[in-house]
Amino acid sequence: GGVFQAMARVIIPQGTCMVSTLLPGTLRELERAFTALDDAPHVSSFLPKEALLTAAANAGLAVVSATEETIVDYYSAAESLMRSIKSIGGGNKALSRRKGLMTPQQMTRLQQAYATWFAGREGLPATWRILYMVLRKT
């Protein structure tokens, strides 16, 4: 809610803003593959669409539109996906996440689990669920 309150504070009356954010189900394949290592959260959790729309409305932002999109990218290896996530500034900030670097053995187990459960002709899939919102200050 804090993000929407900050946006409402800086937008002029009747002003419009556009937001894109990730939804639950993003990187679900990577999240599942990590279960081969431990039960710690390795993928950030994302708020559901309904919670985001409610938070926007509670901040005084009317929802002009809210559109979902699912994009699937393919990678040659889990390590390639993780490097890609890191290169765009992504990372798991959960307090309960496992801390420390992965060992080579853990990376091998992760790669094997990912490939066993999800490998296809195009490679290893990574699902991104995106919500695009157009909001107007009321």
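This text goes with the structure placed above it.
The model shown is predicted, which means the values in this text are computed figures rather than measured ones. Within each chain, residues carry numbers counting from 1 in the order of the written sequence. Only residues with pLDDT of at least 70 get local features here, since the model is predicted, and only at 80 or more are side-chain atom pairs given and counted; chain-wide, interface and lining totals rely on the full set of residues. Side-chain measures here rest on the full set of heavy atoms in the structure, leaving out hydrogens and waters.

Chemist: Any chance you could explain the side chain of Thr26 here in plain terms?
Modeler: By definition, any uninterrupted DSSP run of H or I lasting at least four residues is a helix, any uninterrupted run of E lasting at least two residues is a strand, and each is numbered from the N terminus. Tracing the backbone shows Thr26 in the loop between strand S1 (16-22) and helix H2 (28-34). Definition of a polar contact: a pair of N or O atoms within 3.5 Å, with one able to donate and the other able to accept a hydrogen when the atoms are protein atoms, and with sequence-neighbouring residues admitted only if both atoms are side-chain atoms. In this structure the side chain of Thr26 is engaged in a polar contact, spanning 2.8 Å, whose partner is the backbone oxygen of Leu23. Setting aside anything within four residues of it in sequence, one finds Thr26 in contact with Val43, Phe46, Thr127, Trp128 and Arg129. Note on contacts: a residue pair qualifies if any of its non-hydrogen atoms lie within 4.5 Å across the two residues.

Chemist: Any chance you could explain the sheet that holds strand S3 (residues 124-137) here in plain terms?
Modeler: Neighbouring strands of a sheet are bound in pairs by backbone hydrogen bonds; such pairs are parallel or else antiparallel. When DSSP finds two or more bridges between two strands, those strands count as paired. An order of S1-S3-S2 is seen for the three strands of this open sheet, with the pairing classed as antiparallel. Pairing within the sheet leaves two strands with one partner each, and these edge strands are S1 and strand S2 (61-75). Mean inter-strand twist for the sheet, computed between neighbouring axes without regard to direction, equals 20 degrees. Summarising the sheet, S2 and S3 pair through 14 bridges and their orientation is antiparallel. Angles shown run from 0 to 180 degrees and are taken between the N-to-C directions of axes, each axis being a line fitted to C-alpha atoms and, for helices, limited to the stretch in contact.

Chemist: Got a minute to help me understand the packing of aromatic side chains in this structure?
Modeler: For any two aromatic rings, the description comes down to two numbers: the centre-to-centre distance and the angle of the planes. The rule is short: rings of Phe, Tyr and Trp, with Trp giving its six-membered ring, pair when the centres are within 6.5 Å, and they are stacked under 30 degrees, edge-to-face over 60, tilted in between. Applying the stated criterion across every chain yields a total of one aromatic pair. Ring geometry for Tyr114 against Phe118: centres 5.7 Å apart, planes inclined by 75 degrees, an arrangement best described as edge-to-face. Taken together, the residues span about one helical turn, with Tyr114 and Phe118 both in helix H5 (residues 104-118) at a distance of four residues. Relative accessibility under 20% of the residue-type maximum defines a buried residue, over 50% an exposed one, and the middle range a partly exposed one, all with a 1.4 Å probe and only protein chains included. On the basis of relative accessible area, Tyr114 is assigned to the buried category, the value being 1%. Residue classification places Phe118 among the partly exposed positions, given a relative accessible area of 23%. Across the ring face of Trp117, the terminal group of Arg32 is positioned such that the distance to the ring centre comes to 4.0 Å. Placement of a charge over a ring requires the Lys NZ or Arg CZ to be within 6 Å of the ring centre, with the centre-to-atom vector within 35 degrees of the ring normal.

Chemist: What exactly am I supposed to notice about unusual backbone geometry here?
Modeler: Leaving glycine aside, a negative phi is the common case for residues, and trans is the common case for peptide bonds. For Gln14, which is not glycine, the phi torsion reads 65 degrees and is therefore positive. Checked against the element boundaries, Gln14 lands in the loop between helix H1 (2-10) and S1. Here Gln14 falls in the exposed class, since its relative accessible area comes to 52%. With a phi angle near 55 degrees, Leu27 is a residue other than glycine that sits in the positive phi range. Here Leu27 shows up in the loop between S1 and H2. Residue classification places Leu27 among the buried positions, given a relative accessible area of 7%.

Chemist: Is there a simple way to explain the packing of helix H4 (residues 78-87) against H5 in this structure?
Modeler: Geometrically, a packed helix pair is captured by the angle between its two axes and the distance between the axes. Remark: H4 packs on H5, axes separated minimally by 9 Å, with the N-to-C direction vectors making an angle of 105 degrees. As summarised for this structure, H4 and H5 are arranged roughly perpendicular, according to the angle between their axes. Between H4 and H5, the contacting residues are Ala78, Glu79, Leu81 and Met82 on the first element and Met107, Leu110, Gln111 and Tyr114 on the second. In this classification, the charged set is Asp, Glu, Lys and Arg, the nonpolar set is Ala, Val, Leu, Ile, Met, Phe, Trp, Tyr, Cys and Pro, and all remaining amino acids, among them Gly, are polar. Split into classes, the residues belonging to the contact of H4 with H5 amount to six nonpolar, one polar and one charged. Any angle from 65 to 115 degrees is called roughly perpendicular, while one under 35 is roughly parallel, one over 145 is roughly antiparallel, and all others are oblique.

Chemist: Just to check I follow, could you spell out the side chain of Thr127 for this structure?
Modeler: Of note, Thr127 is situated in strand S3. Side chain to side chain, Thr127 and Glu29 meet in a polar contact 2.5 Å long. Once you skip the residues sitting within four places of it in the chain, Thr127 turns out to touch Gly25, Thr26, Leu27, Arg28, Glu29, Thr70, Ile71 and Val72.

Chemist: Hey, could you run me through helix H3 (residues 49-58) in this one?
Modeler: Residues separated by three or four positions in an α-helix point in the same direction, a consequence of the helix having 3.6 residues per turn. Every buried residue of H3 is listed here: Leu52, Ala55 and Ala56. The buried residues of H3 occupy an angular sector of 100 degrees when projected down its axis, which confines them to one face. Within H3, the exposed residues directed more than 90 degrees away from the buried face are Glu50 and Asn58. Against the buried residues of H3 lie H1, S1, S2 and S3. In the segment just after H3, Gly60 is the residue with positive phi, at about 90 degrees. Taken from the helix axis, the directions to the C-beta atoms give the arc we talk about.

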